[in-house]
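# Understanding the architecture of this molecule
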Amino acid sequence: MRQQQSSFRLLLVLLAAFHHVTAFAFIGDSRKSYVDMYSESSCQQQRKQQRDNVSTTTGRPAAVSPSSADNTSQQAKFPSIKYIAGRRCLFAPCRDPSSRETNCPLVVIGGTAQTMSSWEHQVPGLSKDRDVLIYECLGQGPVPADRATHDFSNVTLPYQAEALASVVEAAYDSGLFHVRHIDVAGFSLGGRIALATASVHPHLFRRLHITGVGAARDDYAKVMLASWKDILSQEIRQQGGENGETALRAFGWSTILATYSHDFVAAMGAKRIRTWVDGIANQNTLDGIAALLEQTHGEMEIDEWSPLSMARRISQSQGNIMEIDRLKGKLVVGGNDRMATPAEVERLGKELSWEVLILAASAGHAVPMECAREWRTDLLDFLSGD
């Protein structure tokens, strides 16, 4: 009996240690995540699920009745990789079936160089009482194994908005989602994609929780953005790296240093941050990230797809809707965010009439990673609020 109790305590210690380490995941380090292990250990099962639920060839729902697909999704106990309307996603079914019908599915959309691996540490906490879909937009992630190239000629915000709307519709039509109405947690680029989609398809959303998006960029952020574009535009592929890996590594170091607070970077140390850089280089393509920077990061406030312009369209779309049915939103920012300053987030919040929260005075741009527990708690509280 004592031996069993000792073993149980050891297991609890190991689980706590694992949670502490994964809470600091950024872009997914070079070691295998459970997303990678799932891909390797159950390739045949994954291909069957893709055929049964959503076609990987056409990007459209397979011929499956909603009821049977719904049963399939409820029976799945673990997160699984799915291609929905042509986009790679990580689907995590609700862990409490009794809560699934009462909560909208949650779609999580990450920042520019983030992939599914960037968010896997948040999946257990987020999927406790709702279905969760980690979404990779066009330009993010690796080129699918069944394709030699990928077309990044159009990754603009209006195109991304239509792509996300197609994913939501396909997930509902296939039975993966039990309702068409969804909640979204968007970070940085993911937040702008959420705003873009809500500005043209507001009926798809119930609540938006947006982190790290301001009305405009200040001069420092504009300089950083210009430097990233320059890094990725240089023809340095032959200088030791393949498929733009050298440029992506330089970009990775620069983005991490710009988006995390000084104290957090110092606490993590160079050895661990290098694994995050490995993740950026290994899990993305140079062409995809370069296209996102060029096509989705406009600097003019008068641009039709600037955060301020999108906010105005969203506000106008809600004017004649009853208060109880209006799209609700919240903006979150780190007190030390240099890419979307608290002042600019406040300005966007006023345009939307949304609450603005400075989650941590010392946090940088990457609040969901730097303050993982606090960010998750705030998100879930917001989704469950009146």
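Whatever comes next refers back to the structure up there.
Just so it is clear, the structure is predicted and the values come from calculations on it, not from any experiment.

Time to look at the pattern of salt bridges. Between side chains of opposite charge, a pair can form as their charged atoms come close. All chains considered together, the criterion is met by 13 salt bridges. In this structure, the salt-bridge partner of lysine 330 is glutamate 355, at a minimum N-O distance of 3.6 Å. In this pair, lysine 330 is assigned in strand S7 (residues 328-333) and glutamate 355 in strand S8 (residues 355-358), connecting sequence segments 25 residues apart. Judged by relative accessible area, lysine 330 falls into the buried class, the value being 7%. In this structure glutamate 355 comes out as partly exposed when scored by relative accessible area, which is 47%. Ionic pairing is found between aspartate 378 and lysine 330, a salt bridge with its closest N-O pair at 2.6 Å. A residue pair is termed long-range when its members are at least 10 positions apart, and aspartate 378 in helix H16 (residues 372-384) and lysine 330 in strand S7 qualify at 48 residues. The network of salt bridges with shared partners includes Asp129, Arg130, Asp183 and Arg206.

Examined bridge by bridge, S7 and S8 share four bridges and lie parallel to one another. Directly across from leucine 331, in S8, lies its bridge partner valine 356. Once you follow S7 into helix H14 (residues 342-352) and on to S8, the crossover reads as right-handed.

Let us look at the nonpolar core. Considering soluble globular proteins, one finds that nonpolar side chains tend to be buried as a cluster. Judged by nonpolar contacts, the single largest core of 100 residues is most densely connected at Val107, Tyr135, Phe205, Leu208, Phe251 and Leu348. Top element by residues in this core is helix H7 (residues 157-173). It accounts for nine residues. Once residues within four sequence positions are removed from consideration, valine 107 is found in contact with Leu133, Tyr135, Leu164, Phe177, Ile182, Asp183, Val184 and Ala185.

Before going further, it helps to spend a moment on the packing of helix H13 (residues 307-317) against H14. The interhelical angle for the contact between H13 and H14, taken along N-to-C directions, is 20°, at an axis separation of 8 Å. One way to sum up the angle between H13 and H14 is to call them roughly parallel. Considering how the two elements wind past one another, H13 and H14 form a crossing that is right-handed. Across the interface between the two elements, Pro307, Leu308, Ala311, Arg312, Ile314 and Ser315 from H13 touch Arg347, Leu348, Glu351 and Leu352 from H14. Within the contact of H13 with H14, the residues separate by chemical class into six nonpolar, one polar and three charged.

Residues of strand S3 (residues 106-109) alternate between two faces, with Leu106 and Val108 on one and Val107 and Ile109 on the opposite face, all of them buried. Where S3 lies against strand S4 (residues 132-135), four bridges are found, and the strand directions are parallel. The residue bridging leucine 106 from the neighbouring strand is valine 132, located in S4.

Rules and cut-offs
- Residues numbered from 1 in each chain as written.
- Predicted model: local features only at pLDDT ≥ 70, side-chain atom pairs only at ≥ 80, totals over all residues.
- Heavy atoms only, no water.
- Salt bridge = Lys/Arg side-chain N within 4 Å of Asp/Glu carboxyl O.
- Helix = DSSP H or I, 4+ residues; strand = E, 2+ residues; numbered from the N terminus.
- Buried < 20%, exposed > 50% of the residue type's maximum accessible area, 1.4 Å probe, protein only.
- Pairing = 2+ DSSP bridges.
- Right-handed = clockwise from strand over helix to strand, strands pointing away.
- Core = buried A, V, L, I, M, F, W, Y, C linked by side-chain atoms within 4.5 Å.
- Contact = heavy atoms within 4.5 Å.
- Axes fitted to C-alpha atoms, helices over the stretch in contact; angles between N-to-C directions.
- Parallel < 35°, antiparallel > 145°, perpendicular 65-115°, else oblique.
- Left-handed = near helix turned anticlockwise from the far one by under 90°.
- Nonpolar A, V, L, I, M, F, W, Y, C, P; charged D, E, K, R; others polar.

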